[in-house]
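What follows is each chain in one-letter form.
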Amino acid sequence: MLYPRIIPCLLVHNKGLVKTVKFKDPKYVGDPINAVKIFNEKEVDELVVLDIDASVLSKEPDYKLIEKLAVECRMPLCYGGGIKTVEQAQKIFSLGVEKIAISSLAVENPEIITEIANRVGNQSVVVVLDVKKKMLSNKYEIFTHNGKKSTGIDPFSYVTRLESLGAGEIVINSIDQDGSMSGYDFALIDKIREKISIPLTVIGGAGCVDDIGKVIQKHGIIGVAAGSFFVFKGKFRAVLINYPTAEEKNALLEKYFFTNWK
């Protein structure tokens, strides 16, 4: 039986691990390799690592860092940042990464999704869409380059195109909820889920275990990712890498998943 996935999402900036609020003001929270070692001990379901510098600065992926992450990581690893070609994607896979994530490339050259999927398989191609509401309206729009570049693209129609091109998974990252720890944007999640049949992961807004549970309760088999929730502790946001224990995770699934999705 397939289960929901609870996924830490780590942001790399200047080779360090950071956390942002609404994609701004990156706060240094530690070393990414050390964070991976801790998450290994906590037996997380999956790990997403995104280099938020690479595409903005038109840099190649940091292959040395990727190799170190892949060697250390004992759970499925998804890496994104700076990927522009099929050859770069293949090189990253050769280093031991299970999934590659593309973001701005999916807007600039969406057909490359098909090329990469044909080489490595659809299940390994993840598209991350950074989404926020337009000012003075309730309409959503895809942004790129760490939320700085407006695309004018409606995410609800675009995800169906991405699926048809061969994307194996969609990650919806809410810019408005990023770092808020105030809960997920269900208006966004619900509509995206209606549009696609491939796996969906959502990120942006988790502040407690129940926030994660509410997404699972409504959508069942889904990836629920978080950043701040897994690196901060308490109202003063002290830096502490954390993840639900096996007992806590089982209790969460019993409360929100098994009772609704048997």
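This text goes with the structure placed above it.
Summary of the structure given here. (Residues numbered from 1 in each chain as written. Predicted model: local features only at pLDDT ≥ 70, side-chain atom pairs only at ≥ 80, totals over all residues. Heavy atoms only, no water.)

### Considerations on the pairing of strand S2 (residues 16-21)
Within S2, five of the six residues are buried, which leaves it mostly tucked inside the rest of the structure. Between strand S1 (residues 5-13) and the antiparallel strand that follows it, S2, lie two residues; Asn 14 among them carries a positive phi value of about 55 degrees. Two elements, S2 and strand S3 (residues 24-30), share four bridges in a ladder whose sense is antiparallel. Residue Val 18 lies in a different strand from S3, and its bridge partner there is Tyr 28. (Buried < 20%, exposed > 50% of the residue type's maximum accessible area, 1.4 Å probe, protein only. Helix = DSSP H or I, 4+ residues; strand = E, 2+ residues; numbered from the N terminus. Pairing = 2+ DSSP bridges.)

### A short note on the side chain of Lys 19
Structurally, Lys 19 can be placed in strand S2. A distance of 2.8 Å separates polar atoms of two side chains, one belonging to Lys 19 and the other to Asp 178. Excluding residues that lie within four positions of it along the chain, Lys 19 makes contacts with Asp 25, Pro 26, Lys 27, Val 29, Asp 178, Gly 179, Gly 227, Ser 228, Val 231 and Phe 232. (Polar contact = N/O pair within 3.5 Å; in protein donor to acceptor, adjacent residues only side chain to side chain. Contact = heavy atoms within 4.5 Å.)

### Brief notes about helix H3 (residues 86-94)
Within the sequence span of H3, burial applies to Val 86, Gln 88, Ala 89, Ile 92 and Phe 93. For H3, the buried positions fall inside an angular range of 165 degrees around the axis, keeping them on one side. As for H3, its buried residues are in contact with helix H2 (63-72), strand S5 (77-80), strand S6 (99-102) and helix H5 (112-120). Within two residues after H3, Gly 96 carries a phi angle of roughly 110 degrees, on the positive side. (Arc of directions from axis to C-beta.)

### A few points about the environment of Ile 116
Its location among the elements puts Ile 116 in helix H5. Separated by 30 residues in sequence, Ile 116 and Val 86 place their C-alpha atoms 5.5 Å apart. Excluding residues that lie within four positions of it along the chain, Ile 116 makes contacts with Val 86, Ala 89, Ile 100, Gly 121 and Val 125.

### Things to note about the packing of aromatic side chains
Per the stated rule, a full pass over the model turns up six aromatic pairs. Each ring, one from Phe 229 and one from Phe 230, has its centre 5.2 Å from the other, and the planes form 50 degrees; the classification is tilted. Here Phe 229 matches Phe 230 in class, with each residue buried. An angle of 40 degrees between the planes, with centres 5.4 Å apart, marks the rings of Phe 230 and Tyr 243 as tilted. Separated by 13 residues along the polypeptide, Phe 230 in helix H9 (residues 228-231) and Tyr 243 in the loop between strand S14 (238-239) and helix H10 (246-258) bring together distant segments of the chain. With respect to burial, Phe 230 and Tyr 243 carry one shared label: buried. Residue placement shows Lys 91 over the ring face of Tyr 63; its charged tip is 4.0 Å from the ring centre. In this arrangement the basic side chain of Lys 191 is found over the ring face of Phe 156, its NZ or CZ atom lying 4.6 Å from the centre. (Phe/Tyr/Trp six-rings, centres within 6.5 Å; stacked < 30°, edge-to-face > 60°. Lys NZ or Arg CZ within 6 Å of the ring centre and 35° of its normal.)

Geometry only, nothing functional implied.
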